[in-house]
Amino acid sequence: MSNHLSDRIKEMSTSATLAMAAKARELRNEGKDIIGLSLGEPDFNIPDFIKESAKQAIDENYSSYTPVDGYAELKKAIALKFKRDNGLDYGLNQIVVSTGAKQSLYNVAMVVLNPGDEVILPAPYWVSYADIVKLAEGVPVEVATGIDTDFKMTPAQLEAAITPNTRMIWFSSPCNPSGSVYSKEELEGLAEVLKNYPDIYVVSDEIYEHINFVGDHVSIASIDGMYDRTVTVNGVSKAFAMTGWRIGYIGAPEWIAKGCTKLQGQVTSGANSIAQRAVITALEAPVSKIKYMIDEFHKRRDLVLGLLGEIEGFKLNVPEGAFYVFPDISAFFGKTLNGTTINSASDFALYLLENANVATVTGEAFGNPNCIRISYAASEKELKEAIARIKAVL
Ligand code: PMP
Ligand code: GLU
């Protein structure tokens, strides 16, 4: 029988982060000793106090369909969290809970974009942005940034990328994959440009908000003139080590929230009942309860930067948040190592996988062809061993 796969799916790329993680799993099953530094997934267990509330929710029979936009109690906890951590006032009609921040992002693209609308993506950007935008028939417009500006887009670059078709800008801070954190002044610079373009909306992906080593997370929605045109995206996968629980959420202008609820009502319905109850507990807890994980990521960042810095040919910025380093490894292009010629970041990542048994992700998947992404959400022992292996094969 012939294959009738839709053009939409044929043209879509497979998530490179998930693909690399699957490849690492496959090699491990074959008996290879692979160290996986490809997936952005905390290696901590979910804190016990959150687990307890999930167990309680099961016993209390939270087993029916949930409201499409999330339990009111959870939305209240999210509203309080936005106020407490970000100084943002979102009403419950502006909040939508989804099956992971990934679904939140997809919803927003489907709700805001018409075919041909352009979305500015400062590169490097998170792997799924470009394909989500394309799925909504939008056009990703990459703005290349380099290590010299700490992988951040400048106001002049933003201005130059805007066309009459620009509808949105999507970015994450702290950034996956570069770890860069936009300061208040830098966000004000971008907001200043946007003053002249009232019809451009911003998706501010703040899922790494708490994993911030400089300590002053600023939401762009809190900057003058930005609240009515920003969708603030967040979730519990990273800070609370709840990747498999699949809860993300947005705070947004009401018309966008309504559109997301309408879409979700036809596609997935409300998010998982038990996970939502557990997330109420997670968000109501003071941030100090998860500080031990953040301190550990900070320690590992310093360890990884120190060790990678000893490898000739690795050019590094100092990531201020998230749990990735994004070294520029273009110095290796054109070189032949152990019989393999390295012509791209993908060649380099594959070389590390096959020769050092270390899984990383090519920067090409994040819109930067000179870098690779290394996740340091792994134990200190694994990180030391992985970098020693990388050093040995280079
Ligand atoms: N945004 C960024 C920047 C991410 O790194 C991730 C990680 N998966 C997501 C969104 C999606 O997170 P979730 O697990 O909530 O879908
Ligand atoms: N966000 C993580 C990453 O970038 C998880 C993988 C994914 O959802 O694509 O590795």
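As a starting point, this report considers the structure included with it. Treat the numbers as computed from the prediction; the structure is a model and nothing was measured. (Residues numbered from 1 in each chain as written. Chains lettered and ligands numbered in written order. Predicted model: local features only at pLDDT ≥ 70, side-chain atom pairs only at ≥ 80, totals over all residues. Heavy atoms only, no water.)

**Regarding the overall build of the chain**
Regarding its fold elements, the chain presents 13 helices and 14 strands. Along the longest, intermediate and shortest principal axes, the C-alpha atoms of the chain span 60 × 55 × 55 Å. Taken over 394 residues, the chain has a buried fraction of 56%. Partitioning the intrachain contacts of the chain with sequence separation of at least 6 by distance along the chain shows that 74% fall at a separation of at least 24. When the accessible surface of the chain is totalled, it reaches about 16700 Å², and 50% of it is carbon and sulfur. Within the chain, the 49 negative side-chain charges are centred at a point lying 4 Å from the centre of the 37 positive side-chain charges. (Helix = DSSP H or I, 4+ residues; strand = E, 2+ residues; numbered from the N terminus. Buried < 20%, exposed > 50% of the residue type's maximum accessible area, 1.4 Å probe, protein only. Contact = heavy atoms within 4.5 Å. Areas by Shrake-Rupley, 256 points an atom, 1.4 Å probe, with all protein chains shown as cover. Lys, Arg positive; Asp, Glu negative; His and termini not counted. Charge placed at Lys NZ, Arg CZ, Asp CG, Glu CD.)

**Structural notes on the nonpolar core**
Core analysis: the largest hydrophobic core is formed by 113 residues, its most contacted members being Met 168, Trp 170, Phe 240, Leu 283 and Phe 297. Beyond its immediate sequence surroundings of up to four residues, Met 168 is in contact with Val 108, Val 112, Leu 113, Glu 118, Val 119, Ile 120, Ile 200, Tyr 201 and Val 203. Counting 20 residues, the second largest nonpolar core, distinct from the first, contains Ile 120, Leu 158, Ile 162 and Leu 190. (Core = buried A, V, L, I, M, F, W, Y, C linked by side-chain atoms within 4.5 Å.)

**Brief notes about the site of ligand 2**
Within the structure, ligand 2 sits among Ser 15, Thr 17, Leu 18, Leu 39, Gly 40, Lys 102, Trp 126, Asn 176, Lys 238, Tyr 324 and Arg 373. Within the contact set of ligand 2, an oxygen atom lies 2.7 Å away from a side-chain nitrogen or oxygen of Thr 17. Here an oxygen atom of ligand 2 sits 3.0 Å away from a polar atom, N or O, in the side chain of Lys 102. Contact with the protein chains hides 89% of the accessible area of ligand 2, taken as 280 Å² for the molecule alone. Structurally, ligand 2 is housed in the largest pocket. Its residues assigned to classes, the shell around ligand 2 shows four nonpolar, four polar and three charged. (Near = heavy atom within 4 Å. Polar contact = N/O pair within 3.5 Å; in protein donor to acceptor, adjacent residues only side chain to side chain. 1 Å grid on protein atoms, 1.4 Å probe; cavity = no way out; pocket = protein on both sides within 12 Å on 5 of 7 lines; lining within 4 Å. Sits in = over half its atoms within 2 Å of the grid points. Nonpolar A, V, L, I, M, F, W, Y, C, P; charged D, E, K, R; others polar.)

**Describing the site of ligand 1**
Every residue close to ligand 1 is listed here: Gly 100, Ala 101, Lys 102, Trp 126, Asn 176, Asp 205, Ile 207, Tyr 208, Ser 237, Lys 238 and Arg 246. A distance of 3.0 Å separates an oxygen atom of ligand 1 from a polar atom in the backbone of Lys 102. Ser 237 has a polar side-chain atom sitting 2.7 Å from an oxygen atom of ligand 1. Here ligand 1 loses 93% of its free accessible area of 400 Å² to cover by the protein chains.

**Concerning the side chain of Asp 150**
Structurally, the position occupied by Asp 150 is in the loop between β4 (139-144) and α7 (155-161). Residue class for Asp 150 comes out buried when judged on its relative accessible area of 17%. Setting aside residues no more than four positions away along its own chain, Asp 150 makes contact with Ser 180, Asn 317 and Val 318.

**Considering the sheet that holds strand β2 (residues 95-98)**
Taken together, the seven strands give an open sheet; going across it, the order is β2-β8-β7-β6-β5-β3-β4, and neighbouring strands pair in mixed fashion. Edge positions in the sheet fall to β2 and β4, since each of these pairs with one other strand and no more. Strand after strand, the sheet turns through a mean of 20° between neighbouring axes, direction not considered. Both strand β3 (residues 118-123) and β4 contribute to a ladder of six bridges, which runs parallel. Looking at β4, one finds that Leu 121 is bridged to Glu 142. (Pairing = 2+ DSSP bridges. Axes fitted to C-alpha atoms, helices over the stretch in contact; angles between N-to-C directions.)

**Quick notes on a nonpolar patch on the surface**
On the surface, Leu 5, Ile 9 and Met 12 cluster together into a nonpolar patch covering about 240 Å² of accessible area. With respect to the helices, strands and loops of the structure, Ile 9 is situated in helix α1 (residues 7-11). (Patch = residues over 30% accessible without salt bridge, like charges linked within 9 Å, V, L, I, M, F, W, Y side chains within 5 Å. Salt bridge = Lys/Arg side-chain N within 4 Å of Asp/Glu carboxyl O.)

**Quick notes on the packing of aromatic side chains**
For any pair of aromatic rings, the description consists of the separation of the ring centres together with the inter-plane angle of the planes. The tally for this structure, following the rule as stated, stands at 19 aromatic pairs. With a centroid separation of 5.5 Å and an interplanar angle of 75°, the aromatic rings of Phe 151 and Phe 326 are classed as edge-to-face. You can see Phe 151 sitting in the loop between β4 and α7 and its partner Phe 326 sitting in the loop between β9 (324-325) and β10 (336-337), a full 175 residues away along the chain. Each member of the pair, Phe 151 as well as Phe 326, carries the same accessibility label: buried. Summarising the aromatic geometry, the rings of Phe 326 and Phe 366 are spaced 6.1 Å apart at their centres and angled 85° between planes, so their arrangement reads as edge-to-face. Of the two residues, Phe 326 is situated in the loop between β9 and β10 and Phe 366 in the loop between β13 (361-362) and β14 (372-375); the sequence distance between them amounts to 40 residues. (Phe/Tyr/Trp six-rings, centres within 6.5 Å; stacked < 30°, edge-to-face > 60°.)

Such coordinate-based values are descriptive only and should not be taken to indicate function.
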